[in-house]
Each structure stands twice: as C-alpha cells, then as structure tokens.
Amino acid sequence: MNEEIVVIGAGIVGASCAARLVMAGKKVVIVDRLAPGDACSFGNAGGLSPTISFPLATPDMYRQIPGWLTDPDGPLVVDWKYLPKAAPWLLRFLREGSPARSAAAAQGMRTMMRGVFEDYQPLFKFAGAEALIHRVGQLYVFDTDAGFAKEQGAIKARRELGLAQEVLDSHGIHDREPGLDARFKHGVYLPTHGHCANPQRLVQMLVQACIEAGARFVSGSVKGLEPVAGGVRVHGLRESLTAASVILAGGVWSNELLRPLGCAVPLESHRGYHVQLPYGTAKRPSRNVMWTEMKTLATPMDGGLRIAGTAEIAGIHAEPNERRFELLQRIAGQMYGGLEPRGATRWMGHRPCTPDSLPVIGALPRDSRIICAFGHGHVGLSGASFTARVVKGIVLGEDTQPEWKAFSPQRYL
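How each quantity is defined
- Residues numbered from 1 in each chain as written.
- Predicted model: local features only at pLDDT ≥ 70, side-chain atom pairs only at ≥ 80, totals over all residues.
- Heavy atoms only, no water.
- Phe/Tyr/Trp six-rings, centres within 6.5 Å; stacked < 30°, edge-to-face > 60°.
- Helix = DSSP H or I, 4+ residues; strand = E, 2+ residues; numbered from the N terminus.
- Buried < 20%, exposed > 50% of the residue type's maximum accessible area, 1.4 Å probe, protein only.
- Lys NZ or Arg CZ within 6 Å of the ring centre and 35° of its normal.
- Axes fitted to C-alpha atoms, helices over the stretch in contact; angles between N-to-C directions.
- Parallel < 35°, antiparallel > 145°, perpendicular 65-115°, else oblique.
- Contact = heavy atoms within 4.5 Å.
- Nonpolar A, V, L, I, M, F, W, Y, C, P; charged D, E, K, R; others polar.
- Pairing = 2+ DSSP bridges.
- Expected span 1.5 Å × (residues − 1).
- Disulfide = S-S within 2.5 Å.
- Left-handed = near helix turned anticlockwise from the far one by under 90°.
- Core = buried A, V, L, I, M, F, W, Y, C linked by side-chain atoms within 4.5 Å.
- Polar contact = N/O pair within 3.5 Å; in protein donor to acceptor, adjacent residues only side chain to side chain.

Caption draft 1: How the structure looks around the packing of aromatic side chains. The final tally for this structure, using the stated rule, is six aromatic pairs. For the pair F386 and F407, a centre-to-centre distance of 5.5 Å together with 55° between the ring planes defines the contact as tilted. Remark: F407 occurs in the segment after α14 (401–404) and F386 occurs in helix α13 (residues 380–395); sequence separation between them is 21 residues. Take F386 and F407: they sit in the same class, and that class is buried. It is R135 that lies over the ring of F117; its NZ or CZ is 3.9 Å from the centre. Stacked on the ring of Y189, the Lys or Arg R176 has its end atom at 4.1 Å from the ring centre.

Caption draft 2: Inspection of the packing of helix α1 (residues 12–23) against helix α6 (residues 116–127) at higher detail. In the contact formed by α1 and α6, the axes pass within 10 Å of each other and the chain directions differ by 80°. Comparing the axis directions of α1 and α6 gives the class roughly perpendicular. Residue-level contacts link I12, S16, A19, R20, V22 and M23 of α1 to D119, Y120, P122, L123 and F126 of α6. Taken together, the residues of the contact of α1 with α6 break down into eight nonpolar, one polar and two charged.

Caption draft 3: Quick look at the pairing of strand β8 (residues 186–190). The element β8 is extensively covered by neighbouring structure, given that five of its five residues are classed as buried. On β8, burial covers both faces: H186, V188 and L190 on one face and G187 and Y189 on the other are all buried.

Caption draft 4: Structural view of the sheet that holds strand β13 (residues 241–243). With antiparallel pairing, the three strands of this open sheet are ordered in space as β11-β12-β13. In the strand order of this sheet, the two ends are held by β11 (224–228) and β13, each with one partner. The sheet shows a mean angle of 30° between the axes of neighbouring strands, direction not considered. As paired strands, β11 and strand β12 (residues 231–235) are joined by five bridges and run antiparallel to one another. When the bridges of β12 are listed, E226 appears paired with R233.

Caption draft 5: Geometry of α1. Helix length check: α1, at 12 residues, gives a terminal C-alpha distance of 16 Å against a target of 16 Å (1.5 Å per residue), a fit within 8%. Taken residue by residue, α1 has I12, V13, G14, A15, S16, C17, A18, A19, R20, L21 and V22 as its buried positions. In the segment just after α1, G25 is the residue with positive phi, at about 90°.

Caption draft 6: Region of interest: the state of the cysteines. Applying the stated criterion across every chain yields a total of zero disulfides. Just so you know, C196 is unpaired, no disulfide at all, and the nearest cysteine sulfur is the one on C40, 15 Å from it.

Caption draft 7: Summary view of the sheet that holds strand β3 (residues 47–48). Spatial strand order, β3-β9-β5: three strands in an open sheet with antiparallel pairing. Looking at which strands have only one partner, the edges of the open sheet turn out to be β3 and β5 (133–134).

Caption draft 8: Layout of the packing of α6 against α13. Contact pair α6 / α13: the axes reach a minimum separation of 8 Å and the direction vectors enclose 70°. One finds that α6 runs roughly perpendicular with respect to α13. As for how α6 packs across α13, the hand of that crossing is left-handed. Contact residues: α6 offers V116, D119 and Y120, while α13 offers L381, S382, A384, S385, F386 and R389. Of the residues in the contact of α6 with α13, the class split is five nonpolar, two polar and two charged.

Caption draft 9: Focus on the nonpolar core. In terms of nonpolar packing, the biggest core is built from 53 residues, with I12, V28, Y120, L202, L206, I247 and V391 touching the most fellow members. Y273, A282, Y336 and L339 belong to the second-largest nonpolar core, a separate cluster that totals 26 residues.

Caption draft 10: The side chain of H186, seen in detail. Topologically, H186 is positioned in strand β8. Here D145 takes part through its side chain, which lies 2.8 Å from a polar atom of the side chain of H186. If we ignore the near neighbours within four places in the chain, the residues touching H186 are Y140, V141, F142, T144, D145, F148, L168 and I173.

Caption draft 11: Quick peek at unusual backbone geometry. In this structure, K295 is a non-glycine residue whose phi angle is positive, near 50°. Within the secondary structure, K295 sits in the loop between β16 (288–291) and β17 (296–301). A positive phi angle, close to 60°, is found at T310, a residue other than glycine.

Caption draft 12: Spotlight on the environment of F148. Tracing the backbone through its elements, the reader meets F148 in helix α7 (residues 145–150). Note: C-alpha distance between F148 and V188 (40 residues apart in sequence) is 9.5 Å. Discounting chain neighbours no more than four positions away, the residues touching F148 are F142, I155, V167, H186, G187, V188 and E293.

Caption draft 13: View of the pairing of β16. Taking every second residue as pointing to the same face, both faces of β16 are buried, with N288 and M290 on one and V289 and W291 on the other. Note: strand β6 (residues 138–142) against β16, four bridges, orientation parallel. Counterpart to V141 in the pairing with β16 is W291. Pairing geometry for β16 and β17, over three bridges, is antiparallel. Considered in β17, the bridge of M290 is made with L297.

Caption draft 14: Up close: helix α10 (residues 199–212). For α10, which comprises 14 residues, the first-to-last C-alpha distance of 20 Å matches the rise-based estimate of 20 Å (1.5 Å per residue) to within 8%. Within the sequence span of α10, burial applies to P199, Q200, L202, V203, M205, L206, V207, A209 and C210. Backbone geometry just downstream of α10 places G214 in the positive-phi region, at approximately 115°.

Here it is in structure tokens:
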C-alpha cells in the first residue's frame with residue numbers, strides 16, 4: 001500500500017499540515033496549481049491573534065444588514081448581480097447569528113485561536129522562520145465615540161474571559177504608535193497578539209523545509225478524488241498518485257473535489273483586498289493597527305505598509321472592484337501621513353468562508369482517508385497552526401476528536 005499522504009493546497013493551512021506530518025515522519029506530497037503561498041497567503045493582513053473570540057455572524061449584525069446592501073464603501077459589500085447565487089449561503093449566515101448558534105461558534109473560535117503561538121512554535125523552528133514573527137501586540141483604534149461605545153460588549157467579554165487587554169485614550173495610542181493620525185480618540189491594546197511580516201515567505205519556508213526533509217511538491221490542478229481499495233486516487237496530475245490519506249486544504253475551491261463525493265459544504269468567497277504602500281517619510285508602525293469602524297487593518301510588512309480588510313461577496317469569477325482598492329488607499333492616507341503612493345501594489349483574493357465562521361476540519365464521515373482542512377475565512381493565518389496539529393493527530397490515529405468536533409464536516413453533511 002502507498003504510504004504517501006497528499007496535501008492538496010500550498011497555502012498557510014496546507015503548508016502547516018504538511019510540515020506537521022513531515023515532522024512526524026510521514027511521506028508527504030504537496031500539490032498545488034500555484035506556487036507555495038501565491039493565493040490567500042500572499043495577500044492576508046499578517047495578524048496572529050490568540051484572543052479573537054467572536055464569529056462574523058452575531059445577534060447584533062441584523063441591524064447592520066441594510067448598510068451592507070446599500071453602502072458601496074461599507075466593510076461588507078454584496079454584488080447585486082451575484083445575490084441570487086449567494087442567497088442560500090447568506091440565509092445560512094443569517095441563521096448563524098442567533099444567540100445560541102453564535103455563542104457556540106464563539107466557543108469554537110476560542111478553542112482554535114487561544115494556542116496560536118504555542119501551536120506555531122515548532123513550525124516556525126522547523127522552517128527557520130522565527131525572524132518573520134513579531135510578538136508586539138495589536139491596537140484596535142476608534143475615531144468616534146459611537147464606534148468605541150459599540151466595542152464595550154467585546155471589552156466586557158474579553159475581561160470576563162480573562163483575556164489581556166488595556167483600554168487607551170488618545171495619549172496612550174500616540175505613545176505606542178506616534179506615527180498614527182491624531183484622529184483616533186480611543187483604543188484597546190491586546191498585548192498577546194502579533195503579526196507575520198511576510199506571510200507568503202513563511203509559506204515558502206515551510207514548504208522548502210518539508211522538501212529538504214524528504215517531501216515532494218507537485219505542480220498541478222487536482223481534478224478529482226476517487227476512494228479505492230488501496231487508498232485515495234488523485235486524478236488530474238501528470239503522475240499517477242494513490243495516497244494513504246488526502247488532506248484537502250484547497251480553500252474556496254475545495255467543494256470542486258467534495259461535490260462529486262456527495263460531501264459539499266456551504267462555502268463562499270469573501271473577496272479580500274489589500275493595498276501595500278512604501279513607507280516614504282511615514283513613521284513605520286511597530287505593530288498591526290485595526291481601524292475598527294472601517295474594519296481595516298494596517299500591518300508593517302517587510303516591503304511596506306499593508307492596508308487590508310473589508311469583504312465583498314461577488315463570487316470567484318468577477319474582476320476585482322477598483323473602488324475597493326481606492327477605498328483602502330484613502331484609508332491608508334487617513335491613518336498615516338507620508339506614505340508613498342507611487343510604488344503601491346494591489347491584490348485581491350478569495351477568503352473561504354463558512355456561515356458560522358468556523359473552518360471545516362476533520363475526516364469525511366463517508367471516507368476517513370479524506371481529511372478536510374479548509375474554510376478558515378478571515379483567520380487563516382491564525383487558525384492554521386491549530387488545524388495542522390489536529391490534522392496530524394487524525395492521521396496518526398490520536399484521540400483528537402474532542403478538539404475538532406465543533407469543526408467537523410459532519411455539521412453540514
């Protein structure tokens with residue numbers, strides 16, 4: 001029997017799963033049609049956030065829906081042309097905002113996020129990537145009293161959960177980030193957070209470390225999975241592959257392989273945008289800063305300041321929306337003076353989102369040799385280390401089911 005494990009997807013989730021398996025002594029083949037880190041991992045905001053505790057669907061979202069549908073510059077935009085196709089997913093999303101469902105999802109988020117750095121530490125060491133990681137905390141800032149008032153529930157919840165935070169006034173914000181515009185009146189400092197200064201490079205280093213340890217990278221697009229007596233046959237590649245197990249970390253495209261198996265799950269692209277600008281004369285930030293009212297994160301990257309955030313539901317085929325890029329560039333100028341607009345780069349990618357904001361992690365009920373590891377939505381970088389540790393445990397036959405029960409594909413199948 002072939003003992004190779006095929007990992008489909010060379011983003012941060014797939015690369016982390018592959019690294020954990022290689023470290024455990026497994027023979028691994030990583031497959032992707034793109035180079036490692038060239039999809040969502042190329043463009044994310046870089047945040048590593050152990051205290052994220054809330055899903056996107058919450059009871060208070062219902063009063064925000066009219067704005068989402070009518071404000072072209074809002075934090076969440078739905079393309080009217082795509083609305084009929086997105087409607088089934090959106091209806092499920094609305095259902096997940098009930099108090100009971102939202103609370104259950106929040107518990108799942110806390111389970112996944114609380115050990116971000118502990119779960120990542122062996123992976124950072126394996127890849128030699130420690131220099132990319134900055135454990136310097138994160139700032140949430142508010143330019144309006146009304147925006148800060150809305151945050152009081154989250155502040156109270158973090159306090160009750162025993163999560164470290166510090167409430168700041170404008171002077172406290174300026175002390176930590178003197179280059180930030182003076183418009184910000186209130187802030188919350190989360191000292192246990194951090195960021196990765198080059199998420200694409202982190203993925204590349206993880207994959208390279210796997211290859212140096214004996215794994216293989218195969219460039220190609222998987223067209224189908226076929227469970228057979230000897231394992232799982234992987235179709236569509238130049239070489240014939242039959243794997244002992246398949247880890248499906250294909251992001252928003254994962255359903256293309258699950259649907260023929262009768263196991264598709266509700267998955268929608270929240271199209272994410274970023275603009276990255278050279279620092280110019282701007283004072284480089286020390287940490288990532290979330291402008292909370294705008295749902296936009298500014299992160300100091302190796303190549304400049306990255307402004308990322310907002311979400312757009314318009315499917316995977318529509319062209320990027322230039323208005324979103326222009327919005328982010330305006331926000332960058334409002335947050336930091338002195339950035340150099342010449343040399344700015346733009347990116348749009350597809351965050352794979354489930355209605356309850358929890359990823360799909362675990363073996364398929366119909367065939368335990370196919371293990372899901374996708375759907376991390378807005379927290380792929382932070383959630384990848386937990387996912388990789390749990391997936392490794394599933395492959396090795398460890399009793400990790402209590403950890404991944406909330407994320408199981410069974411909840412949709």
